[in-house]
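If you want the building blocks of each chain, they are given just below.
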Amino acid sequence: MGPKLDAGQRAVVLGGTGWVGRHVCARLHQDGWDVLVVGRHETAPQPDHKFLRMDVVAAGVPQLTALLHAERVGAVVNATDGANTTDGWDLSAEVLTEANAHAVQRLVDAVAATPWRPRLVQLGTIHEYGPVPAGVSAHEGLPTRPTGDYARSKLGGSSAVLDAARAGRIDGVVLRLANVSGPYPSPASFPGKLLELARGLGGGVSSGIGIGIADARRDFVDVRDVAAAVSRAAASTATAEVLNIGSGVAVPIGEVIRVLLEEAGLPADALYDDGSAVRSVGGDWIQVDIRRAAEVLGWVPEHSLAESLRAMWQHR
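Residues numbered from 1 in each chain as written. Predicted model: local features only at pLDDT ≥ 70, side-chain atom pairs only at ≥ 80, totals over all residues. Heavy atoms only, no water.

Regarding the overall build of the protein
Then comes step 1: Each helix and strand counted, the protein has nine helices and 13 strands in total.
Then comes step 2: Counting only C-alpha atoms and orienting by the principal axes, one finds that the protein spans roughly 65 × 40 × 35 Å.
Then comes step 3: Within the protein, buried positions represent 52% of all 316 residues.
Then comes step 4: For the protein, the exposed surface amounts to about 13,500 Å²; the carbon and sulfur share of it is 51%.
Then comes step 5: Computing the positive centroid from 29 side-chain charges and the negative centroid from 35, the protein places the two 5 Å apart. (Helix = DSSP H or I, 4+ residues; strand = E, 2+ residues; numbered from the N terminus. Buried < 20%, exposed > 50% of the residue type's maximum accessible area, 1.4 Å probe, protein only. Areas by Shrake-Rupley, 256 points an atom, 1.4 Å probe, with all protein chains shown as cover. Lys, Arg positive; Asp, Glu negative; His and termini not counted. Charge placed at Lys NZ, Arg CZ, Asp CG, Glu CD.)

Okay, structure coming up:
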């Protein structure tokens, strides 16, 4: 649990109805925050939290500023992500830039206009660094050389937060997330798509299903560990910091599939490589250096990949 909060201190979670956002809301509530969920659609009621319908991407600075003033916000978590609208990797550069960069700049300006300086926690992505050589752990000192429109747009949002924090306009941090796994995944995510395939195999199969399995290693962090890191960041006094959030371990994609099939009680060959994989976004290797998050936030991940995938299967 993070530092003790003043009674009733309010946190606003933008994109709080999404996969990561819902877990963030639950953890903030657990840690003593009064949570306001902001989203375009209330996908399912969250009884512990107040909900406000708002299209954050379309909102102007006056509307966002009015929200922060009206709610007397102590912390703002930006869990919105243009890639979650559909299959985000296929969205245009213009759409992604508006959602992940321009909208974040407007949020920064609204936070800066609030006299009591609420905390701003921006959720970025490890892909902002761009490809990292095999064997190298991505650390916060790496230069940012993102490839692809999504990663570039996310870097634009992170830069808006960091530039404002370094200039003293806001108190804000950026958490760069590795690949996320765990219960109730977004259908558009790799774990969500994998879960959907496994569900279809749940009744037993006489022959497996062929899929493209990339020859790549990825760092997977449980969504509940992400939420814990966000809560600690919201209660922290650190500002103008980039903190990487991951497991610290690069796992072969084939191993992720094997573990999920094992947790689901399915044959090891129920999903097999049919050779159709293309080179995946982010290159062939992602492993995150999480030492800085431990130093600044006192955070370390608590869930193993097997635990994460087990919970994903059990709570599908």
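Describing the environment of Ala-229
Then comes step 1: Mapped onto the elements of the fold, Ala-229 is located in helix H6 (residues 223-235).
Then comes step 2: Relative accessible area serves as the criterion here: at 0%, Ala-229 is assigned to the buried category.
Then comes step 3: On a C-alpha basis, the gap between Ala-229 and Glu-307 in space is 18 Å, while along the polypeptide they are 78 residues apart.
Then comes step 4: Once residues lying within four places of it in the same chain are set aside, the contact partners of Ala-229 are Leu-175, Ile-245, Leu-297 and Trp-299. (Contact = heavy atoms within 4.5 Å.)

Side note on the packing of helix H5 (residues 190-200) against helix H7 (residues 253-263)
Then comes step 1: Here H5 crosses H7 at 45 degrees, and the two axes come no closer than 11 Å. By the angle class used here, H5 and H7 are oblique. The chirality of how H5 crosses H7 is right-handed. From H5, Phe-190, Leu-194, Leu-195 and Ala-198 reach across to H7, where they touch Ile-253, Val-256, Ile-257 and Leu-260.
Then comes step 2: Its residues placed into classes, the contact of H5 with H7 shows eight nonpolar, no polar and no charged. (Axes fitted to C-alpha atoms, helices over the stretch in contact; angles between N-to-C directions. Parallel < 35°, antiparallel > 145°, perpendicular 65-115°, else oblique. Left-handed = near helix turned anticlockwise from the far one by under 90°. Nonpolar A, V, L, I, M, F, W, Y, C, P; charged D, E, K, R; others polar.)

Points about the sheet that holds strand E11 (residues 241-245)
Then comes step 1: The seven strands lie next to each other as E3-E2-E1-E4-E5-E6-E11, forming an open sheet whose pairing is parallel. Looking at strand neighbours, the two that pair on one side only are strand E3 (50-53) and E11, the edges of this open sheet. With strand direction ignored, the average angle separating the axes of adjacent strands in the sheet is 20 degrees.
Then comes step 2: Where strand E2 (residues 34-39) lies against E3, four bridges are found, and the strand directions are parallel. Bridged to Leu-36 within E3 is Lys-50. (Pairing = 2+ DSSP bridges.)

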